[in-house]
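Each chain, letter by letter, is given below.
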Amino acid sequence: MSSNELLQNTSVLAVLLFLALVLQRTFLQASYYVTIETGINLRGALLAMIYNKILRLSTSNMSMGEMTLGQINNLVAIETNQLMWFLFLCPNLWAMPVQIVMGVILLYYLLGTSALIGASVIVLLAPVQYLIATKLADTQKSTLDQSTERLKKTTEILKGIKLLKLYAWENIFCDSVEDTRGKELTSLRTFALYTSMSIFMNAAIPIAAVLVTFVSHALINKSKPSSSEAFAALALFHILVTPLFLLSTVVRFAVKAMVSVQKLGEFLQSDEIGDDSWRNGDMSVSLEACKKHPGATKAINRKQPLLYQMDSYEQPARRPLRPNETEDVAVKVNSGFFTWGSNLSTLSDINICIPTGQLTMIVGQVGCGKSSLLLAMLGEMQTLSGKVYWSKLPVSEMLHEANSKNRYSVGYATQKSWLLNATVEDNITFGSPFNKQRYKTVIDACSLQPDVDLLPFGDQTEIGERGINLSGGQRQRICVARALYQNTNIVFLDDPFSALDIHLSDHLMQEGILKFLQDDKRTVVLVTHKLQYLIHADWIIAMKDGSVLREGTLKDIQTHDVELYEHWKTLMNRQDQELEKDTEIDNCQTALERKTLRRAFYSREAKNQVDDDEEEEEEEEEDDDNMSMTTSRRSKIPWRVCWQYLSSGGFLMVFLMVFSKLLKHSVMVAIDYWLAEWTAKGNALVNGTANSDVPVNGTAYDDANGYAPDFGNVTRDFVNASAAAVFSNQTNSAAGLPDSYYVPVFIILCGAGIALCLITSLTVEFLGLSAATNLHHNLLNKIIHAPIRFFDVTPLGQILNRFSADTNIIDQHIPPTLESLTRSTLLCLSAIGVIAFVTPSFLIALVPLAVSFYFIQKYFRVASKDLQDLDDSTQLPLLCHFSETAEGLTTIRAFRHESRFKQKMLELTDTNNTAYLFLSAANRWLEVRTDYLGAVIVLTAAVASIWSSGKNLPSSMVGLGLTYALTVTNYLNWVVRNLADLEVQMAAVKKVNSFLSTESENYEGSMDTSQVPEDWPQHGEIKIQDLCVRYDPLLKPVLKHVNAYINPGQKVGICGRTGSGKSSLSLAFFNMVDVFEGRIIIDGIDICKLPLQTLRSRLSIILQDPVLFSGSIRFNLDPERTCTDDRLWEALEIAQLKNMVKALSGGLDAVVTEGGENFSVGQRQLFCLARAFVRKSSILIMDEATASIDMATENVLQKVVMTAFADRTVVTIAHRVHTILEADLVIVMKRGNILEIDKPETLLENEDGMFASFVRADM
C-alpha cells in the first residue's frame, strides 16, 4: 500500500498542509475580488439612479424642507455604500449553511454525543449574537440621526457666526449643540457597550464550546479520545464557529441594506416636477439643447456638426415675424393658479404675456410672488389650473425638433446666487463654447474685471463651496454674467441688483441689460425693487399679494392708473432724466468686496509664512499635494498623534486597557499550555497534521473586515484556546496526576479567560468614547470662540469637515481599529513565542520571515495611505456635485443642462469607483502576500518539529506549536491592515488638534461685570478718540485715527465708497476687530475694557445679509427667552411683519426652515430688523440693512425707525444715500479716514464736497 505509506510520511504531510493553505487562500482572495467588483458596479448604478431622480425633483420639496441637502448627501454617501457592502458579504449567505451542516455531521462522527453538546453551545449562543448585532444596527441608526441633527445645528452656527458674536449669543447656540451632542453620546455609549459585547461573545463562545465538549466527554465516556480525533474535532469546531460569527455580521448588514433600500425607495417615489406639454422629460434627446451647448453629448455633435457651427458662430438668425399675434409673445400665461405644494395657491388668476425681444419688468412689494411668477413660467411650481404657453420654435429648427412645443433654454439668474465648484470662467461659460469677444463684453457689463484681477489665478481661480469665499455682490454678478453669456433667446433675471451698490446696478442696467441683451434682441424678464429703472421697460407687470395688479407700458399705467403711477413717483423721488453720471464716482465700484478678497488672500499668505512646520504639513495635506513628501517620511507611524489621542481619553483608562490586554493574553497562553501539559503523554506526531483545515474558516470571515469598519472585532482567539484543548483530553493518567486535578484547573482558567475578554473589550470601547467626548467638546468651544478673522480665512467646508467626517471617525472608527490592532499584534507575538518555546530551531527561520514581513507592511502602508487619500479626494467632488446640483436645480433646469450635469456625474462616479477598486485590489495584494508568509511559517514550524521529534518531543507540544502557527496566518494581515487604517484614522485626530491651537477672543476684559451699571448704556453718547483698527496684526490698518463725537439720541448716517471702512467702524463698536490704538467711549466706559459678553449684549446691530436659524419665529427674535409676547409683537409691528406672522399657523411659534428658506429674502431682512428692535438697547447700528427691501417698505421703515427710536442713538451705514438725508449728522468716509462730518444740509451746500456728489448720483 504505497499510497498509505506515502501519506504516513511526516515530511509529505507537512508539504501537503502547506499546499492546501496556499491554494485555499488564493481562491478565497480571487473570489473576494470578484464580489468587490460587482459591488462597486452596483454602487455606480445606484448613484446614477439617485442623480436622475434629483434632476426631476419638484422644487417645493426642496424649499418646503421635505428633502434637505443633508438627506440627499446621506443617500449618496451612506445608503449606497451600505448596499455595496452587503453585496460584498452576500456570498456568505449560501456558503455558511453548507459549512455548518457538514461540520456538525463530521463532529458527531468523531466524538459522538459530547460533540453535539459542544456544538449546541455555539448554536444556542448564535441568536444572542444576532440580537446584539441588530441592537448595534439600531443604535448606529439613532446615533446617525443625532449626529445629523448636531451637524445641522453646527452648520447654522458657522454660517451665522458673525451674527451670533455680535449679539453675544454664541453660548446659547453652543449649548444647544452640546445638548444634541449629549444625546448622540448616549447613543454612542450604548453603541460602545454593544460593540464590546459582540467582541466579547466572539472571543468567549469558542472557549465555552471547547470547555463544554471536552469536560462532557471526560464525564460521559470516562476515556480520552486519541489525539488524531481530538485534532480533527478541533479543526471542525473552527469550521463551525466561523460561519456562525459571520452570520451575525451578514445579518446585521442585511438589516442595514433593507433600511437603505427603504430610504432609497422613499426618495425615488417623492414628488417630481410636472411634465407640461412644452417640457419633454429627458433633454438628452433634444438636439436643440445640444446645438447650443456643443459640450453636452459628443454623440450628437458628431451627427450634427453643420448645424451647430452655423448656430454658434453667427448671431443666431432671428425669425421673420409672422402676422398672427401670438408670434410677438414669448411666454403667455392663461388664468394660471400655481402653488408650492400645499393646496393654497401662491399665485392666483395670472394672465400675462411676455413680449418677444423686449424688456419686461416685474415689480411689487416684498413677498408678493415676483420670484414665484418666474418659477411658475419655468414650470417649477405645481399648476392647479391654467396654462403656460411658450411660443413655437422657428420653422428651420422645427424640422429637427421631435416635440415642437419644447421651449428654449432660458438664461436664468436666481436671487440667491448659486455657484459651481469650478473656475470663474467655467461658472460664466457654463458649458457653452468659449468666445473671447463675448466673454469680455459680459465681464465688463457685470464689472467683474477688477474682481477677477484680484483673484490669485485670475478667472482660472476655483470658487464655490471649496474655493475662495466671494462676497454676496460678487457671487450675484457672476450668476448674472452666466445668464448673459448663454446664447439663449430668453433671459430671466431675479432681482439681480439686490446685493449691488448704486454704481454697479446702473452699470449693469446700462451695459448689460440695455446694451448687451437688447442689441441681441433677446427677451428679458427682470424682477426688481429699483423703480428708477422702470423708464427703460418696454412692458411692466405690477404684482400684489400673489396676483397681477396691472400690466402694460409705463405710458398705459400713467394714463390708466394714476394712483399707482404717483405712488411709484413718490417712491422713486426722481425726475425722468437720464442718470447723471459723475465720472469720479464711476471709478469706484464695490471696492469693499474687492478689499475683502484682497484681505483674505493677503492674510492667507501671511498666515502661511508665520505658521510653523506643523501647520505647513497640514496645508500640504489639505491641498492634496502630498505626492511631494517622500515615501520614507510618510511610512512613519504618527506616534505623537496616537499619544495625543490616548491622553485625551484619560490616563486611568489607558493603563487599564494595557494591563487587561496583557493579562488576557497571558491567561490564553496559560490555558493552552496547561492542556498541553495534561496531554504530555500523547500519541505520535503524525496526527498533528489533521489541522490542515483550520484556516478555512479563518479568513472567510476576516476578510469581511476589510470593507466595513465594524467588522474588525471578530476574533479567532478560539484557535489558541481550543487547539490545545483537544489534546488535553488525550490525557494519560500515566502523568501521575488524576483527571480530577486537571479538569477543575482547566475550568478555572477558561472562566478567567472569558471574564478577561469582557473586561478588555469594555475598556477599549470606553477609552475611545471618553477621547471622543473630550475632543469634540474642546473643538466646539475653540471654534465658536475664535475671532471673526478665523472664519474669513478658513473655508467653511474645512471647518465642517472637522465636525462631520473627522468627528465620526473619532467616535466610531478608531476604537474598533485600536482594539483589533492590539489584539492581533499580541496574538502574533504570543504565537511566535509559543512556537519558539516548543521548537527553538524555529527562531533561525524567523529572521528572514520577519524581514520580509517588515518590507511587505511598509510597502503596503505607504500605498494604502495614498490610495485611501485618492479614494477620499475623488469622493469629495462627487458628493459636492450632488449637493450643488440639488441646490442649483432651478438654474440647471432653466438652462436645460441636465444632460451635461449627468455626464459630469458619471465621470466623477467612474473616477471614484476606480480609486476604490484600486484600494480593494491593494488589500488583496497584501492578503495574498501575508497568507503565503503565514503558510511558510506553518511549514517552518512543521519542519522544525519533525527535526526535533528525535529528541522525544511530546506530540501534545507539537500540536500546540502547529495550532499556534496556523493562527499566525490569520492575524498577520490584520496587523498590517489595522496599522494602515489607524494611520489614516489618526489623521482625523491630527486635523482636529490643529484647530485646537487657534487663539480665542479675549472674553474677559479688564473690568468686572459687577462694575458695569445694569442699564448701561443709558444715554447712548459715543466718543471716538483717535481710533485705529486692523483685522489682523499682520495687516494694514483699515481705520486710521478716526475722531468723532455722537450726542445721545442722534441719528447718524455714515456713507462712503465701498471699502472706505464703514463696516469696519460698525464692527469696532462691538470690539470684533483689533483696536490697537485709540478708544471708543460709550457713556463714559471704554468698550475695550468691558467683557465681550456684556458689551455685545447691550448694543444691537442689523447686518447686511439676513441670517435666520431653523426653529420658531420666537426663537429667531429672542433665543434667550427673556421677552414677553407683547414685546415681540411690537417689534414685528415696527418691522411691518405683524400681519404676515398673524396669518401663519402658530403665530410666533410658526416654523422657520433652515436658513429661513420659507420666507422671501426681503422678509428675512425684515425679521432681522425686528430682532434688533426686540433688544431695547439705546444704541442701534444698521449696516446697509435695507438693500433687499422694496422702496415702499423701506420708506415706512425709515419713518418708523425715526419714531420708535426717537430717544436712542441710531447709526446707519448707507448704500443708498437718500436714506440718510434726514439724519442729524452725516459722516463721509474715505480710505479709513473721516473726510467730512456735519449736518446733511451743511454738507449739501458745499457743491464740490463728496457728500453732495453722492447725493447727485443717487437722485
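You'll find the structure just up there.
Residues numbered from 1 in each chain as written. Predicted model: local features only at pLDDT ≥ 70, side-chain atom pairs only at ≥ 80, totals over all residues. Heavy atoms only, no water.

### Quick look at unusual backbone geometry
Backbone geometry places Asp 545, a non-glycine residue, at a positive phi of 45 degrees. When you line up the elements, Asp 545 lands in the loop between β10 (539–544) and β11 (547–552). Classification of Asp 545 by relative accessible area gives exposed; the value is 61%. One non-glycine residue, Asp 1026, lies in positive phi territory at about 50 degrees. (Helix = DSSP H or I, 4+ residues; strand = E, 2+ residues; numbered from the N terminus. Buried < 20%, exposed > 50% of the residue type's maximum accessible area, 1.4 Å probe, protein only.)

### Remarks on the sheet that holds strand β3 (residues 359–364)
Taken together, six strands build an open sheet; the order of strands is β5-β8-β9-β3-β10-β11 and the sheet is mixed. The open sheet terminates on both sides in strands that have one partner only, identified here as β5 (410–413) and β11. With strand direction ignored, the average angle separating the axes of adjacent strands in the sheet is 15 degrees. Bridge count for strand β8 (residues 490–494) against strand β9 (residues 523–527) is five bridges, and the pairing is parallel. Note on β9: the bridge partner recorded for Asp 494 is Val 527. (Pairing = 2+ DSSP bridges. Axes fitted to C-alpha atoms, helices over the stretch in contact; angles between N-to-C directions.)

### Regarding the sheet that holds strand β16 (residues 1085–1086)
In space, the four strands of this open sheet follow the order β13-β12-β15-β16, with antiparallel pairing throughout. The open sheet has two edge strands with one neighbour each: β13 (1039–1046) and β16. As judged from the five bridges shared by strand β12 (residues 1022–1030) and β13, these two strands associate in the antiparallel manner. Bridging from a neighbouring strand, Lys 1023 pairs with Tyr 1045 of β13. Across the face of the sheet, helix α37 (residues 1062–1069) comes into contact with β12, β13 and β15 (1074–1082) while running at roughly 115 degrees to β12. (Contact = heavy atoms within 4.5 Å.)

### Focus on the pattern of salt bridges
Considering all chains together, one arrives at 29 salt bridges under this definition. Its salt-bridge partner being Glu 380, residue Arg 893 comes within 2.7 Å of it at the nearest N-O pair. Linking Arg 893 in helix α34 (residues 889–895) with Glu 380 in the loop between α13 (370–377) and β4 (382–390), this pair joins segments that are 513 residues apart in sequence. One salt bridge in this structure joins Arg 802 and Asp 806, with 3.0 Å as the shortest N-O distance. Remark: Asp 806 and Arg 802 occur in helix α32 (residues 796–838); sequence separation between them is four residues, near one turn of the helix. In this structure Arg 802 comes out as buried when scored by relative accessible area, which is 2%. Each member of the salt-bridge network shares a partner with another, and the members are Arg 150, Arg 181, Glu 184 and Asp 811. (Salt bridge = Lys/Arg side-chain N within 4 Å of Asp/Glu carboxyl O.)

### Comments concerning the packing of aromatic side chains
Under the defined criterion, the tally for this structure stands at 20 aromatic pairs. Between Tyr 167 and Trp 169 the ring centres are 4.8 Å apart and the planes differ by 35 degrees, which places this aromatic pair in the tilted class. Among the residues examined, Tyr 167 registers a relative accessible area of 1% and is labelled buried. Residue Trp 169 is classed as buried on the basis of its relative accessible area, which comes to 3%. Relative to Phe 430, the ring of Trp 418 has its centre 6.2 Å away and its plane inclined at 80 degrees; by these criteria the two rings are edge-to-face. With Trp 418 in the loop between β5 and β6 (422–423) and Phe 430 in the loop between α15 (424–429) and α16 (436–445), this pair connects stretches of sequence that are twelve residues apart. Under the relative-accessibility criterion, Phe 430 is labelled buried at 0%. Counting every residue linked through ring pairs, the aromatic cluster contains Trp 418, Phe 430, Phe 895 and Phe 901. When the ring centre of Phe 430 is taken as origin, the NZ or CZ atom of Arg 482, which lies over that ring, is 5.0 Å away. (Phe/Tyr/Trp six-rings, centres within 6.5 Å; stacked < 30°, edge-to-face > 60°. Lys NZ or Arg CZ within 6 Å of the ring centre and 35° of its normal.)

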